[in-house]
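# Chains, contacts and geometry: an overview
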Amino acid sequence: TAERRVLITGASGTMGRILLDRPERQGWSYVLFDPVAPEIEGLADRGDIAVVTGDVSDAQAVASAMQGVTDVVHLGALSVEDYWEDILRVNIGGTRNLLEAAAAQGVGRFVFASSNHAVGCYTPSDAGPAGLADDAEARPDTYYGWSKAAGEDLLRLYCERTQMRGVVIRIGHCFPEPLTGPRLPFWLSPRDARALLDACLENDIAPFQTVWGSSANTRSWLSLEGGKKIGFVSADDSEQFVDRFPADSIAIDPDGPLGAHFVSVPLGVPM
Ligand code: 15L
């Protein structure tokens, strides 16, 4: 099989570190594109990883990092609510630069790290018995969430207009362990995050799809269909952590929005 060279943005973030926490694999190499070189243990000894420092808002830097790349995993972004201008420059402009360079390079697959905050205004009452659809219409809860919804659309545009295949992952709460009770339903375990990314890059996929980035959590009200379609099967459930959190923080409120605390922060104010 052909060698794959994957450009990963935002590799120094929580999710990037989780995805890279695995041994070297034959046939796979990575270009990490980040404003600061990621501090990952053993990085210097890895023959499969090259680090390029640069900003996603710098189109030339992005284009030169894209040389020889076969696939893109775009995680790099302002990851919570922020100033409007910065959201536009980094999250919108950066995603467009990545897509332009990827299209010019003939990249095969582009995986976009979207967020539950692109649809953060949905509540459990909006979900049917099979859970809220993976590709539910955008209902952002912040400028940040809006930028993720816009990024999803931008990827779709490039998939319609080029040969690129795209996967939008609407990531729930991806941390080594869930940080708060209300995030239990949407936890994506590290192991599941890696399995989901493998499915996006290796399995048969449609030209464009949207999938939840969530484990098979007991308390989840999100659909598992999107994951199933691309051959992702979750191995984890946040229920194992339930005793850590106060009972009133883990009860499901039918009118409690998916985006939780993001829905009430003032727009355009850095969190
Ligand atoms: C996100 O989109 C953020 O990037 C992450 O830091 C978490 O806040 C996550 O959502 C969440 O909703 O838990």
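Given the structure is predicted, the values throughout are model-derived calculations rather than measurements. (Residues numbered from 1 in each chain as written. Predicted model: local features only at pLDDT ≥ 70, side-chain atom pairs only at ≥ 80, totals over all residues.)

This brings us to the overall build of the protein. Counting its regular elements, the protein contains 7 helices and 7 strands. At 18 Å, the protein has a C-alpha radius of gyration in line with the 18 Å of a compact globule built from 271 residues. Each of the three principal axes of the protein carries a C-alpha extent, and together these read 50 × 40 × 35 Å. Here the protein holds 271 residues, and 44% of them are scored as buried. Sequence-distant contacts in the protein: of pairs separated by 6 or more residues, those separated by 24 or more amount to 71%. (Helix = DSSP H or I, 4+ residues; strand = E, 2+ residues; numbered from the N terminus. Rg over C-alpha atoms; globule rule 2.2 N^0.38 Å. Buried ≥ 20, exposed ≤ 12 C-beta atoms within 10 Å, placed from the backbone. Contact = placed C-beta atoms within 7 Å.)

Bringing the sheet that holds strand E3 (residues 49–53) into the picture now. With parallel pairing, the 7 strands of this open sheet are ordered in space as E3-E2-E1-E4-E5-E6-E7. The open sheet terminates on both sides in strands that have one partner only, identified here as E3 and strand E7 (208–213). Going across the sheet, the axis of each strand differs from the next one's by a mean of 20°, ignoring polarity. Pairing between strand E6 (residues 165–171) and E7: 6 bridges, direction parallel. Bridging from a neighbouring strand, Val167 pairs with Gln209 of E7. (Pairing = 2+ DSSP bridges. Axes fitted to C-alpha atoms, helices over the stretch in contact; angles between N-to-C directions.)

Glancing now at the packing of helix H3 (residues 84–105) against helix H4 (residues 143–161). Where H3 meets H4, the closest approach of the two axes is 10 Å, and the angle between their N-to-C directions is 15°. One way to sum up the angle between H3 and H4 is to call them roughly parallel. Judged by the sense of rotation from one axis to the other, the crossing of H3 with H4 is right-handed. Only Tyr143, Tyr144, Ser147, Ala150, Gly151, Leu154, Leu155 and Tyr158 of H4 make contact with H3, whose side of the interface consists of Trp84, Ile87, Asn91, Ile92, Thr95, Arg96, Leu99 and Ala103. Residues of the contact of H3 with H4, tallied by class, amount to 11 nonpolar, 4 polar and 1 charged. (Parallel < 35°, antiparallel > 145°, perpendicular 65-115°, else oblique. Left-handed = near helix turned anticlockwise from the far one by under 90°. Nonpolar A, V, L, I, M, F, W, Y, C, P; charged D, E, K, R; others polar.)

Moving on to the site of the ligand. As a matter of local geometry, the ligand sits amid Ser79, Val80, Ser115, Asn116, His117, His173 and Arg183. Broken down by class, the residue content of the shell around the ligand amounts to 1 nonpolar, 5 polar and 1 charged. (Near = placed C-beta within 6 Å.)

So, on to the confidence of the model for the protein. With 100% of its residues at a pLDDT of 70 or more, the protein shows a mean pLDDT of 97. Quick note on the complex model: pTM equals 0.98, ipTM equals 0.98. (pLDDT = per-residue confidence, 0-100.)

Let's shift gears to the environment of Phe241. Among the secondary structure elements, Phe241 is positioned in the loop between helix H6 (225–229) and helix H7 (247–250). By the C-beta count within 10 Å, which is 16 here, Phe241 ends up partly exposed. A sequence separation of 63 residues divides Phe241 from Pro178, and the C-alpha atoms of the two residues are 7.6 Å apart.

Bringing unusual backbone geometry into the picture now. A positive phi is found at Ala260, a non-glycine position, where the angle reads about 45°. Relative to the helices and strands, Ala260 resides in the segment after H7. Under the C-beta neighbour-count criterion, Ala260 is labelled partly exposed, with 18 such atoms within 10 Å.

What follows deals with the pairing of strand E1 (residues 4–9). Looking at chain direction, E1 and strand E2 (residues 28–34) are connected through 6 bridges and run parallel. Following the sheet pairing, Ile8 is matched in E2 by Leu32. A crossover connection joins E1 to the parallel E2 through helix H1 (residues 14–20); in handedness this β-α-β unit is right-handed. With 4 bridges connecting them, E1 and strand E4 (residues 71–74) associate as parallel partners. Residue pairing for E4: Ile8 is matched across the bridge by Val73. (Right-handed = clockwise from strand over helix to strand, strands pointing away.)

Moving on, we get to the nonpolar core. Ranked by size, the top nonpolar core spans 64 residues in total, and within it Leu7, Val72, Ala102, Phe110 and Val111 carry the most contacts. Considering each element in turn, this core owes the most residues, 8 residues, to H4. Ignoring sequence-local partners within four residues, the contact set of Phe110 consists of Val72, His74, Leu99, Ala102, Leu155, Met164 and Gly166. (Core = buried A, V, L, I, M, F, W, Y, C linked by C-beta atoms within 7 Å.)

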